[in-house]
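Observations on the model geometry
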Amino acid sequence: MVASKKSIIGDWIVVFICVLLILICLLPLLNILARSLSASEAIIRNDVMLLPKGFNFEAYRLVLSDTKYTWSLAWTAILTVICVVVSLFMTTICAYPLTYKKLKGRRFFSAFIIFTMYFSAGTIPMYLLLGDLKMLNKPVVLIIPYCLNVFYMIIMRSFLSQIPDSLRESAEIDGAGPIRILFSIYLPLSAPVIATLCLFYAVGRWNGFSDALMFMNDRFYYPIQLLLYNIINSISDIEITTQEGFSPPGLSESLKAATIIFATVPILVVYPWLQRYFITGATLGAIKE
Amino acid sequence: MILPLTYFVIFKYIPMTYIQVAFKKYTIIKSPWEMPWADNGGFEYFIKAFSNRDFLYALRNTIMLNLLDLVTGFPAPIMLALLLNELRIRWFKRVTQTIAYLPHFLSWIIIYGMAVQLLAPTSGLVNIVLNRMGIKSIPFLNDSTYWVGTYVFLGIWRDVGWNTIIYLAAITAINPELYEAASMDGAGRIKKMWHITLPGLRPTIVVLLILSLGRILGSEFDRPYALGNALVKDVSNVIATFVYTYGIRGLQFSLTTAVGMFQSVVCVIFLFIANGLAKRIGEQGIV
């Protein structure tokens, strides 16, 4: 097909808009990165645009030498790993039986579970329940209460039910039990969906902050997002650093930027690796029985 | 199977029994079953909620912000998907998509942090650029009117790319022969878009539109809480933040449970109406 002149112009317009879009997505991140690497005087003078001025790693050095930040980062990382493992386990053992056509009450269980997606008791009943369970202000409150996401479970179920029944039946004839079938047939085939949910759960936990805000008073267990929120609002942490005398005014600005970068980088690192999977997952999520 | 079911019973169904708190006088020493009934046939706290000015503001803001999100945020990914579909250089298409999906994975706290730094009246990049162009600084986050705009814009910024995924998937399902036939008939790019791609997307658009209509009274917490501040609280307080400040901070459990229950019930009703609508016009439905 010979492309006409008109359609080449069209192509250029499309490319132009896309470049614009890319810039809008990336420029804010670049600016923050530049600020985090800049000398504070330059920030105060409003000189920092997209490239760092007075290049230095002072803000990063401060963040990394402050145990409050490093512990919070480490704690959030630990928390994320635990949550992903627990959530994936729960999601799998919930979704897998629901794909069993012979399971008695399959429809009832599905309805029982999906109902909770549409109607929830709300924040306060959850808060009161967690109080009665003595879970408030304990680390477990950041792991257990939201460890199974119905929507993600449905994604997993749709994926698993695409695996042909004949595979299961032949395994059954060979004498494999349901657990064996799950581990040696279903799970190896569902790498894409596991990778997707891994990303979703991990991002959810890494980015999550409202549960910590509501259910966790112990500052020691604050995840990074909650710490970050307090820092941006300069409630306390930053002031302490700057009042100790060694930091020039404006350093707090590059410190904030550095903290934002620290909270963002893990996501930026994992995300491209999982991208080819999560698109499958996201489209699967649109299909419901 | 038993473990997840236990999970649902404990963390989803047992909290529902606590909804009684909405109809009762809360006391910390008794279980919800034993608490005394509230006045006015148990509806005292619902009456209180609806005569509470903060709650009425929160209700109004929830609806207002969700409607604005819908009007601006709903067509945006459709247009972007059409645009991406026209992109013929494959590697560039992939790069654009990767970058456009990215903001979806940033938390609202991070976005808030970036917004504070970029939009600050004196030191933010955006206002510096505006100043150099001779325009006065705009208080994006500190003035109610601008705040609403910023709130809506950031929502689009975060999710427009992500939401194209489903439309792009729907586009690939369209029969390519249709495009060939149209080219034979001499249809240009725009005509093909209008007569083939858009009608092909119609079912997806309708279902997603109805779904989002059903969510008009739903409320997220992170976004308004993170972006809000004391200067704009007349527009930034939504039901979720109201429940947090009055309930968990202010310990008014009965009042806020009532509010939460009101919201949940209305949401379910909306969703079922929406679902009914979807089925009536011959689409698959969602529930």
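What counts and what doesn't
- Residues numbered from 1 in each chain as written.
- Chains lettered and ligands numbered in written order.
- Predicted model: local features only at pLDDT ≥ 70, side-chain atom pairs only at ≥ 80, totals over all residues.
- Heavy atoms only, no water.
- Disulfide = S-S within 2.5 Å.
- Buried < 20%, exposed > 50% of the residue type's maximum accessible area, 1.4 Å probe, protein only.
- Helix = DSSP H or I, 4+ residues; strand = E, 2+ residues; numbered from the N terminus.
- Expected span 1.5 Å × (residues − 1).
- Arc of directions from axis to C-beta.
- Contact = heavy atoms within 4.5 Å.
- Buried area = accessible area lost by both parts, 1.4 Å probe.
- Salt bridge = Lys/Arg side-chain N within 4 Å of Asp/Glu carboxyl O.
- Polar contact = N/O pair within 3.5 Å; in protein donor to acceptor, adjacent residues only side chain to side chain.
- Axes fitted to C-alpha atoms, helices over the stretch in contact; angles between N-to-C directions.
- Parallel < 35°, antiparallel > 145°, perpendicular 65-115°, else oblique.
- Left-handed = near helix turned anticlockwise from the far one by under 90°.
- Nonpolar A, V, L, I, M, F, W, Y, C, P; charged D, E, K, R; others polar.
- pLDDT = per-residue confidence, 0-100.

Let us look at the state of the cysteines. Residues and elements named next belong to chain A. For the structure on display, the rule yields zero disulfides over all chains. Take Cys 83: it sits in no disulfide, and the sulfur closest to it among the cysteines is that of Cys 147, at 8.1 Å. Overall, the relative accessible area of 6% leaves Cys 83 in the buried class.

Bringing helix H9 (residues 178-189) of chain A into the picture now. Residues and elements named next belong to chain A. When the terminal C-alpha atoms of H9 are compared, their 15 Å separation across twelve residues agrees well with the 16 Å that a helix rising 1.5 Å per residue should span. Every buried residue of H9 is listed here: Ile 181, Leu 182, Ile 185 and Tyr 186. On an axial view of H9, the arc spanned by its buried residues comes to 125°, and they lie on one face. Turned more than 90 degrees away from the buried face of H9 sit Ile 179, Arg 180, Phe 183 and Pro 188, all of them exposed. Close packing links the buried residues of H9 with helix H4 (67-98), helix H7 (150-160) and helix H8 (165-173).

Time to look at the interface of chain A and chain B. Counting residues at the interface gives 84 residues for chain A, matched by 75 residues for chain B. At the boundary of chain A with chain B, total buried surface from both sides reaches about 7,500 Å², with 77% on carbon and sulfur atoms. Looking only at chain A, the three residues that lose the most surface to chain B are Tyr 118, Phe 119 and Ile 124 of chain A, adding up to 9% of its buried area. At the surface where chain A touches chain B, the tally comes to two salt bridges. In this structure, the salt-bridge partner of Asp 11 of chain A is Arg 189 of chain B, at a minimum N-O distance of 2.8 Å. Here chain A is connected to chain B by ten residue pairs in polar contact (both at pLDDT 80 or more). Sorting the residues of the side of chain A that touches chain B by element identifies helix H1 (5-37), H4, helix H5 (106-118), helix H6 (123-132), helix H10 (191-207), helix H11 (210-215), helix H12 (224-232) and helix H14 (251-284) of chain A as the ones contributing at least two each.

This part is about the packing of H6 of chain A against helix H13 (residues 239-249) of chain B. Packing of H6 of chain A against H13 of chain B brings their axes to within 10 Å, and their N-to-C directions diverge by 30°. Overall, the two elements H6 of chain A and H13 of chain B adopt an arrangement that is roughly parallel. Note on packing geometry: the crossing formed by H6 of chain A with H13 of chain B is right-handed. From H6 of chain A, Thr 123, Ile 124 and Tyr 127 of chain A reach across to H13 of chain B, where they touch Val 243, Gly 247 and Ile 248 of chain B. Residue composition of the contact of H6 of chain A with H13 of chain B, grouped by class: four nonpolar, two polar and no charged.

Here we take up the confidence of the model for chain B. Residue and element names in this part refer to chain B. This prediction gives chain B a mean pLDDT of 83; 93% of its residues lie at or above 70. Ranking the helices and strands of chain B by mean pLDDT puts helix H4 (residues 75-86) first, with 90, and helix H1 (residues 2-17) last, with 76. Of the two predicted TM-score estimates for the complex, the pTM is 0.86 and the ipTM is 0.84.

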